[in-house]
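Single-letter residue listing:
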Amino acid sequence: MRESQLGELTVSSLGLGCMGMSQSYGVQGDDAESIATVHAAIDGGCTFIDTADVYGDGANEELVGRALAGRRDEVVLATKFGFKRRQAGDAMPNVVDGSPEYARTAIDASLRRLGVDHVDLWYLHRRDPQVPIEESVGAMAEAVEAGKVRYLGLSEVSGDTVRAAHAVHPISAVQSEWSLWTRDPETGVLPTLRELGIGFVPFSPLGRGFLTGQITSPDDFEADDMRREMPRFTGENFQRNLDLVEQVRSMAADKGVTAGQLALAWLLAQGNDVAPIPGTKRRKYLAENLGAVDVSLSAEDLAALDEAFPPDAVAGDRYNPGAMKMVDQ
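Predicted, not measured: the structure shown is a model, and the values here were computed from it.

**Q** What's the story with the overall build of the protein chain in this structure? I'm lost.
**A** Helix and strand counts for the protein chain stand at eleven helices and eleven strands. Taken over the C-alpha trace, the protein chain has a radius of gyration of 19 Å; the compact-globule value for 329 residues is 20 Å, and the two agree within 12%. When the backbone C-alpha atoms are referred to their principal axes, the protein chain occupies close to 50 × 40 × 40 Å. Counting every position in the protein chain, which comprises 329 residues, the buried fraction comes to 57%. Looking at the protein chain alone, contacts between residues at least 24 apart form 75% of all its contacts between residues at least 6 apart. As displayed, the protein chain offers around 13600 Å² of accessible surface, 46% of which is attributable to carbon and sulfur atoms. In the protein chain, the 31 positive side-chain charges and the 50 negative ones have mean positions that sit 3 Å from each other.

**Q** Which parts of the structure should I look at to understand the packing of aromatic side chains?
**A** The description of an aromatic ring pair uses the distance of the two centres, along with the angle that the planes make with each other. For the structure on display, the rule yields six aromatic pairs. Taking 6.2 Å as the distance between ring centres and 45 degrees as the angle between the ring planes, the aromatic pair formed by Phe81 and Tyr102 counts as tilted. Taken together, the residues span a long stretch of sequence, with Phe81 in strand 5 (residues 76–81) and Tyr102 in helix 3 (residues 100–114) at a distance of 21 residues. Where Trp178 meets Phe200, the ring centres are 5.3 Å apart and the plane angle is 85 degrees; that geometry is what we call edge-to-face. Of this pair, Trp178 sits in the loop between strand 10 (171–177) and helix 6 (190–196) while Phe200 sits in strand 11 (residues 199–203), and the two are 22 residues apart along the sequence. One aromatic cluster is present, built from ring pairs that chain together Phe81, Tyr102 and Trp122. Cation over ring: Lys84 sits above Tyr102, and NZ or CZ is 4.8 Å from the ring centre.

**Q** Explain the environment of Asn60 to me, please; I cannot follow it from the model alone.
**A** Here Asn60 is to be found in helix 2 (residues 59–67). Judged by relative accessible area, which is 0%, Asn60 ranks as buried. As a C-alpha pair, Asn60 and Leu193 span 133 residues in sequence and 29 Å in three-dimensional space. Not counting residues within four places of it along the chain, the set of residues in contact with Asn60 comprises Cys18, Met19, Met21, Ser22, Thr51 and Tyr55. A polar contact is formed between the side chain of Asn60 and the side chain of Ser22, at a distance of 2.8 Å. In this structure the side chain of Asn60 is engaged in a polar contact, spanning 2.6 Å, whose partner is the side chain of Thr51.

**Q** Is there a simple way to explain the sheet that holds strand 11 in this structure?
**A** The strands that make up a sheet are held in pairs by hydrogen bonds between backbone atoms, and each pair lies either parallel or antiparallel. Judged by pairing direction, the sheet is parallel, and its seven strands sit side by side in the order 3-4-5-8-9-10-11 without closing on themselves. The two strands at the open ends of the sheet, each matched to only one other strand, are strand 3 (15–17) and strand 11. Neighbour to neighbour, the strand axes of the sheet diverge by 25 degrees on average, direction disregarded. Of the pairings in the sheet, the one linking strand 3 to strand 4 (residues 48–50) comprises three bridges and is parallel in character.

**Q** Could you clarify how one ought to interpret the pattern of salt bridges in this entry?
**A** Any two side chains of opposite charge can pair if their charged atoms end up close together. For the structure shown, the criterion picks out 17 salt bridges. Between Lys80 and Asp50 there is a salt bridge; the shortest N-O distance is 2.6 Å. Of this pair, Lys80 sits in strand 5 while Asp50 sits in strand 4, and the two are 30 residues apart along the sequence. When the shortest N-O distance is used, the salt bridge between Asp97 and Lys84 registers 3.3 Å. Within this pair, whereas Asp97 is found in the loop between strand 7 (95–96) and helix 3, its partner Lys84 is found in strand 6 (residues 83–84), the two being separated by 13 residues in sequence. Judged by its relative accessible area of 15%, Asp97 falls in the buried class. Take Lys84: its relative accessible area is 30%, and that puts it in the partly exposed class. Linked by salt bridges that have partners in common, Asp43, Arg71 and Glu74 make up one network.

**Q** So what exactly am I meant to see when it comes to the state of the cysteines here?
**A** Note on terminology: a disulfide is the covalent bond linking the sulfur atoms of two cysteines. Tallied over the full model, the rule gives zero disulfides. Not part of a disulfide, Cys18 finds its nearest cysteine sulfur in Cys46, a span of 8.9 Å. With a relative accessible area of 0%, Cys46 lands in the buried category.

**Q** What am I meant to see in the side chain of Arg126 here?
**A** Its place among the elements puts Arg126 in the loop between strand 8 (119–124) and helix 4 (133–145). Despite its burial, Arg126 pairs with no opposite charge, the nearest such side chain being Glu156 at 4.1 Å. If we ignore the near neighbours within four places in the chain, the residues touching Arg126 are Phe83, Val96, Ser155, Glu156, Tyr319 and Met326.

Basis of the calculations
Residues numbered from 1 in each chain as written. Predicted model: local features only at pLDDT ≥ 70, side-chain atom pairs only at ≥ 80, totals over all residues. Heavy atoms only, no water. Helix = DSSP H or I, 4+ residues; strand = E, 2+ residues; numbered from the N terminus. Rg over C-alpha atoms; globule rule 2.2 N^0.38 Å. Buried < 20%, exposed > 50% of the residue type's maximum accessible area, 1.4 Å probe, protein only. Contact = heavy atoms within 4.5 Å. Areas by Shrake-Rupley, 256 points an atom, 1.4 Å probe, with all protein chains shown as cover. Lys, Arg positive; Asp, Glu negative; His and termini not counted. Charge placed at Lys NZ, Arg CZ, Asp CG, Glu CD. Phe/Tyr/Trp six-rings, centres within 6.5 Å; stacked < 30°, edge-to-face > 60°. Lys NZ or Arg CZ within 6 Å of the ring centre and 35° of its normal. Polar contact = N/O pair within 3.5 Å; in protein donor to acceptor, adjacent residues only side chain to side chain. Pairing = 2+ DSSP bridges. Axes fitted to C-alpha atoms, helices over the stretch in contact; angles between N-to-C directions. Salt bridge = Lys/Arg side-chain N within 4 Å of Asp/Glu carboxyl O. Disulfide = S-S within 2.5 Å.

Here's what the structure looks like:
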């Protein structure tokens, strides 16, 4: 496993996103298999583990905590705060709270659920438009001073927000969606991060599974799968995006790798300040993802992928209009 640098924090170049173990992608979770997947990730050198307090209404942090029992020192553990649900059972969080008061209670609650005395990387999940970013980060910095957190991060923010936050306390990483079919960061926040020496953590680096080539119809989604409501996976957009993925599948076959491995290798080739966190809850998919670190891409390969999947080629927004207002803030 290679290493990536997020500011002063060193992580495995490929991480493990744990959200899907507790919510969003249908099929009731299998905690035993999820814990086995976390263990297999660690054994395979994938030691950058990502969760959040809102995933499964806290259940995901508890699950990750059980998985890390006795192995805490082997991983870089990241979690997030800031999202709250209006009521228990809501499919998606829809209230953002970045107030200092909430930050102080959120970190203690996360530590309790995770069963640890500190986390290595703590993100503000979304910027709260009602709270100056300086105040949110100031409260997060208090957790660093108290030894509850080692490094700070932000998620789905603009370059201007990063600058303002970084002036209050060093920001080590920004987490946002980045993949062959979400190229926005390249002309958005990424240049600012590289100017300031801040790392980038792409979530959904496989396009929420679409780039694996295994999704061929909207009927592939379970009834409670959040992708059924996402514009990119609905109507005419689905087929238009499927045509793009077919090009990736063809290129991957020529190289003797899977489409998902090719998509992850493309991200890994973007620099050692990038650490994608593909999510999975099954060991067989984890093994496939880990194989991406052995895929070597030439300049010609990268150019061909850019040609096959140029920025703005994807049909449809990432989220519904309400959720889109929360990104790049």
